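The chain contents come next:
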Amino acid sequence: MPTELTSDTGSHPGHAPGDETEQEPVTQDAGAEAEDQPLPENAVERFIAEHVQPRRHEFRSAEQLPSAAQLLGTALARRRIEVKKIVEGRWAFYFAGTVIGGLSHGLTTLVSAHARRVLGDAEALRGHLKLMDIPCAEEGAELSGLQLRGFVVGRELVSMLALIPPYEYDDAVGGPEAVRLLDSTAADSGAGQPQVIAVDVTELVSEYISSLAVDAVRAVPGLFAAGVDLEVFSLESLRSAVVLDVDENADLLPHHVPTLGPGRDVADAIAEQILISAAL
Amino acid sequence: MAQTYFPASAPPPPPRAQRPHVELGSEPSATERFIAEHIEPRHEALRRWSSTLPHEELLQRAARRKKMTIKKITDSNQLFFLSGVVVGGMDGVITSLVSHQARRVSRSKAMTKRYLTASDVPTPKGKAINPTEFSRAVKYLKSLGGPVTVKPSSGRASKGITVNVTRESQLRQAWQAAMAARSATSESRYLIVMEEYTPGLDLRAYVVGSTVVGAVARLPLYVVGDGISTVGSLADAEISRRGPNEYLKGRQPEVTNAMLAPLELTRDSVLPFGKLQPLSAIADTTRGGGLAVDVLDLLADELKELAVEGLWAIPGLGAAAVDLLAPSLGSAEGAVVLDVNPYANIMQFHYPAYGEPRRVNDAVMEEILERASR
């Protein structure tokens, strides 16, 4: 769940009043820092130093993982939703003998045909986001912030991951300066790091960032479950945060089994939303 | 009593010709019975629509009535807002009530059949065959042992459909017609569906959520013989009669000998007095002179339930037209679902040739709002 601000004075979550260290400036704007403050540098390195390196020993190792379809099937079965195969790649979901949804080539019925068409065209998606005053990255923009990948179901952010490349850390130096990002394509499998390190930050992101993800999905008509890619410079602030993409075909698995963190049951939220959408 | 005075030079006006009373044959079809019972008695009461709104505009007006605002991203991509929140949209002619899966299913009659069958919704037995496998089609015709309907698996607007095919020679013609109906936008995997021919009244129900909000019987262009007039003159008179109906005006065919040939008629044929003669085998309401007659209040509850079951068999489909064939309006016995079509134009429910107009557009918008609130 997103970290709640304790008051409108913008006191930094997790810090007691009067704490002089790393206080964010006071602002009236939701989640925004004062415009004259410089943009935080090394957002990725800072995140790694603060949230990842201290828990590096908790990284999940490669294990036998279920498929996204299996995860969804289990979640549906828990709700006594029967899954019937129609033809290869297409299933219908039945509850008490009534079709309440389905899955077709990886997409549930929580994705409308209209949404599918919009999301298939990056420019169309940008048009929708801009219409709703949702900040989005321009085509070809260079990314320098922290990449987040959220999964929104209905009107809720169910899971948020920070995606970082493999890195080296110099204990002698410490802090963000100790982090050296590696090229993910050149990751040494022998060192045990995955090509992308997915960190569960669902509890760490502010409600403003959660809302940004939810708003991005809601800007697309008939879309009730999707992944959202964001670029942020702080987990608390919306300043310079942009939506990079909305993906109706986002993989559930990294949310369930991230490299670091507890993981979130996105499949369960999808199954619940399917029931809600059927209004049974 | 005043006497009517006619100057010696002017002949008296001829008595107005009465429309012949329809004489049904020994085994009238469900369509012919419906025409005789429900249309002929009120033949002159054809609706006169002085102006009409197209499908898209009907939906837009309903959206505005419900206090939604509409923003166009492009001509084919529109969003519906309520209090600043996106509640739905339109992608071409379909709304956001149509899931991606439902759209893909509806593009193939063969796939639609599979979903209907999986949900135990009665639908004619049939299969989809590759157009290059005509010999398979011949075998299948023989194996079914009765008349078949041949139609493209994808495609709309009654194109390429042939009914009551019984012989190989007919099948060959029907096959060619189905292949010719393939449009440039068809998917590369183009199939032809053969299914048992089920006679019945052609019905189209518009289902929104779990309610039938509109229902029309679709009738082919027909004439009634008077023993004197030719088929051509009867057809021309009928088409002319429809002129004041703005909805029907642009949807009439040119009745030619080629059109009448499958019926073994020509424009010069004279029909016996009272003979009801459809001028096409199927009710083409798009360009074939077919009529859509409102029957919502006449439709049995069990037929409405069947239509709803048809819609619900397609996952993630909140609104669509469900096409049925039914032996009668009063019962679902023997009725089948032919197709479920989210692309259906709602105009024929708003502008029926006979009967009451139905506000399908309002029902669609209400459903959009209701789903957005879930």
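What you see is a predicted model, and the numbers here were worked out from it, not measured in a lab. (Residues numbered from 1 in each chain as written. Chains lettered and ligands numbered in written order. Predicted model: local features only at pLDDT ≥ 70, side-chain atom pairs only at ≥ 80, totals over all residues. Heavy atoms only, no water.)

Undergrad: I tried to follow the overall build of chain A on my own but got confused; where do I start?
TA: Looking only at helices and strands, one finds seven helices and eleven strands in chain A. Taking all 280 residues of chain A together, 49% fall into the buried category. Put simply, 67% of the contacts in chain A that link residues at least 6 apart link residues at least 24 apart. Approximately 13400 Å² of chain A is accessible, and the part contributed by carbon and sulfur atoms is 48%. (Helix = DSSP H or I, 4+ residues; strand = E, 2+ residues; numbered from the N terminus. Buried < 20%, exposed > 50% of the residue type's maximum accessible area, 1.4 Å probe, protein only. Contact = heavy atoms within 4.5 Å. Areas by Shrake-Rupley, 256 points an atom, 1.4 Å probe, with all protein chains shown as cover.)

Undergrad: How should the nonpolar core be read in this particular structure?
TA: Generally speaking, nonpolar side chains in soluble globular proteins are found buried as a group. Of all hydrophobic cores here, the largest spans 89 residues; its most connected members are Phe34(B), Leu203(B) and Tyr206(B). Element by element, the count of residues in this core is highest for helix H12 (residues 360-372) of chain B, at seven residues. Two domains each donate at least three residues to this core, and these are domain 1 (28-122 + 198-220 + 290-374) and domain 3 (221-289) of chain B. What Phe34(B) contacts, discounting residues up to four positions off in sequence, is Ile39(B), Leu201(B), Ala217(B), Leu219(B), Val293(B), Val295(B) and Leu329(B). If you look at the next biggest cluster of nonpolar residues, it comprises 46 residues, including Val111(A), Ala162(A), Tyr167(A) and Val179(A). (Core = buried A, V, L, I, M, F, W, Y, C linked by side-chain atoms within 4.5 Å. Domains from an automatic or database assignment.)

Undergrad: What am I meant to see in the domain arrangement of chain B here?
TA: For an interface, size is often stated in terms of accessible area lost upon the parts coming together. Residue and element names in this part refer to chain B. Taken domain by domain, chain B comprises domain 1 (28-122 + 198-220 + 290-374), domain 2 (125-197) and domain 3 (221-289). Across the boundary between the two partners, domain 1 contributes 25 residues, which contact 21 residues of domain 3. Around 1900 Å² of area is buried between domain 1 and domain 3 when both sides are counted, 59% of it from carbon and sulfur atoms. Run the count over domain 1 and domain 3 and you get zero salt bridges. Looking at the side of domain 1 that touches domain 3 element by element, the count peaks at three residues for helix H1 (residues 30-39). Grouping the amino acids of the side of domain 1 that touches domain 3 by side-chain chemistry returns twelve nonpolar, six polar and seven charged. (Buried area = accessible area lost by both parts, 1.4 Å probe. Salt bridge = Lys/Arg side-chain N within 4 Å of Asp/Glu carboxyl O. Nonpolar A, V, L, I, M, F, W, Y, C, P; charged D, E, K, R; others polar.)

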